[in-house]
Amino acid sequence: MDLIAVDIDGTLASNRDQMDKYLTGFLLQLDSSLPFFFARNRRFFKAIRNATVNVEIADRVREIAADTGAEVVVITGRDGTYMKELNQFIARAGLEPKHVFAKPGNDGSNSPAWKDSVIESLIADGNRIIHAFEDTDHEVYLRRGIPVTWVAPIRDYIGEWHYESIDIDPVAWAAEQREKEAARERQKRRLAEGVLAHQKAEAKERQANVAA
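Not measured: the values here are computed from a predicted model. (Residues numbered from 1 in each chain as written. Predicted model: local features only at pLDDT ≥ 70, side-chain atom pairs only at ≥ 80, totals over all residues. Heavy atoms only, no water.)

Is there a simple way to think about the overall build of the chain in this case?
Secondary structure assignment for the chain yields eight helices and eight strands. Taking 17 Å as the expected radius of gyration for a compact globule of 212 residues, we find that the chain reaches 24 Å, considerably beyond that expectation. In terms of overall dimensions, the chain has a C-alpha envelope of 85 × 50 × 40 Å along the principal axes. Looking at the chain as a whole, 37% of its 212 residues qualify as buried. Restricting to contacts in the chain with at least 6 residues of sequence separation, those with at least 24 account for 66%. Total accessible area computed for the chain in this model is approximately 12400 Å², and 53% of it derives from carbon and sulfur atoms. Where the 29 positive side-chain charges of the chain centre and where its 34 negative ones centre are 5 Å apart. (Helix = DSSP H or I, 4+ residues; strand = E, 2+ residues; numbered from the N terminus. Rg over C-alpha atoms; globule rule 2.2 N^0.38 Å. Buried < 20%, exposed > 50% of the residue type's maximum accessible area, 1.4 Å probe, protein only. Contact = heavy atoms within 4.5 Å. Areas by Shrake-Rupley, 256 points an atom, 1.4 Å probe, with all protein chains shown as cover. Lys, Arg positive; Asp, Glu negative; His and termini not counted. Charge placed at Lys NZ, Arg CZ, Asp CG, Glu CD.)

If you want it as structure tokens, here you go:
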């Protein structure tokens, strides 16, 4: 089965404002204790009910699904304990996903690793992800050769969030990554050659001083 993978926070949901308020905002500066940590996370996960839908992304998902016959699957690293609130938001976005995968609350793995395990499971079951919509974890899909619409958050000068969607071809991305790695290796070699040249110069100077 062909699938379209869709992330929630920062992708289908334009909710960077909620992230700021509950996860990185002023309240966190006031109290970073463990009880407050759980309380603010709970408020964030429940707040998805009122999050703004990224209409552009929702429309693109429906368009690709209509053109290809692919089913939609939601793959999100948010806490699956709050599925009621999450499903309310997905319905409000106008999507009817085949599956909704949310990370179990007791799963200690990071979001990219967990999403990769879900993708692996879907592929093992004979599915094919033909496109993904993501923000921060887009490389999880690109490494598997899956085309991605990356939703890039942009903050303007008055502090409001805007979201720009950028289509990334996995072949071009992989070539860019290889070039970046080659550039890093060249820099390492130059640094190593520079250190070696310096060491040789110092050794030569010491020999000259001994001879004198």
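Text resumes after the structure shown.
How should the sheet that holds strand 1 (residues 2-6) be read in this particular structure?
Within a sheet, each strand pairs with its neighbour through backbone hydrogen bonds, oriented either parallel or antiparallel. Taken in spatial order, the six strands of this open sheet run 5-4-1-6-7-8, and their pairing is mixed. Single-partner strands in this sheet number two, and they are strand 5 (99-103) and strand 8 (161-168). Neighbour-to-neighbour, the strand axes of this sheet turn through a mean angle of 20°, independent of strand direction. As paired strands, strand 6 (residues 128-134) and strand 7 (residues 148-155) are joined by three bridges and run parallel to one another. Each bridged residue has a counterpart across the sheet, and for Ala-132 the counterpart in strand 7 is Val-148. Packed on one face of the sheet, helix 4 (residues 55-68) meets strand 1, strand 4 (71-79), strand 6, strand 7 and strand 8 and runs near 170° to strand 6. Sitting on the sheet, helix 5 (residues 83-92) touches strand 4 and strand 5, and the angle it makes with strand 5 is about 135°. (Pairing = 2+ DSSP bridges. Axes fitted to C-alpha atoms, helices over the stretch in contact; angles between N-to-C directions.)

I tried to follow the packing of aromatic side chains on my own but got confused; where do I start?
When we look at a pair of aromatic rings, we describe it by the centre distance and by the angle of the planes. As enumerated under the stated definition, the model contains two aromatic pairs in all. Plain terms: the ring middles of Phe-44 and Phe-45 are 5.5 Å apart, the flat faces sit at 55° to each other, and that makes the pair tilted. Here Phe-44 and Phe-45 have matching classes, each one buried. Aromatic pair Phe-45 and Tyr-82: ring centres 5.5 Å apart, planes at 25°, arrangement stacked. Placement of the pair is Phe-45 in helix 3 (residues 34-46) and Tyr-82 in the loop between strand 4 and helix 5, with a sequence separation of 37 residues. For the pair Phe-45 and Tyr-82, one class covers both residues: buried. Following the ring pairs from residue to residue traces out a cluster consisting of Phe-44, Phe-45 and Tyr-82. When the ring centre of Trp-161 is taken as reference, the NZ or CZ atom of Arg-16 above it lies at 5.9 Å. (Phe/Tyr/Trp six-rings, centres within 6.5 Å; stacked < 30°, edge-to-face > 60°. Lys NZ or Arg CZ within 6 Å of the ring centre and 35° of its normal.)

Help me out: how do you make sense of helix 6 (residues 111-124) in this one?
Think of an α-helix as 3.6 residues a turn; residues three or four steps apart then line up on the same face. The end-to-end C-alpha distance of helix 6, which contains 14 residues, comes to 20 Å, matching closely the 20 Å that a straight helix rising 1.5 Å per residue would cover. For helix 6, every residue scored as buried is listed here: Trp-114, Lys-115, Val-118, Ile-119 and Leu-122. The buried residues of helix 6 occupy an angular sector of 140° when the element is viewed end-on, so they sit on one face. At its buried positions, helix 6 is contacted by strand 1, strand 4, strand 5, strand 6 and helix 7 (138-142). A side-chain oxygen of the first residue of helix 6 lies 2.8 Å from the backbone nitrogen of Ala-113; this N-cap is Asn-110. (Expected span 1.5 Å × (residues − 1). Arc of directions from axis to C-beta. Polar contact = N/O pair within 3.5 Å; in protein donor to acceptor, adjacent residues only side chain to side chain.)

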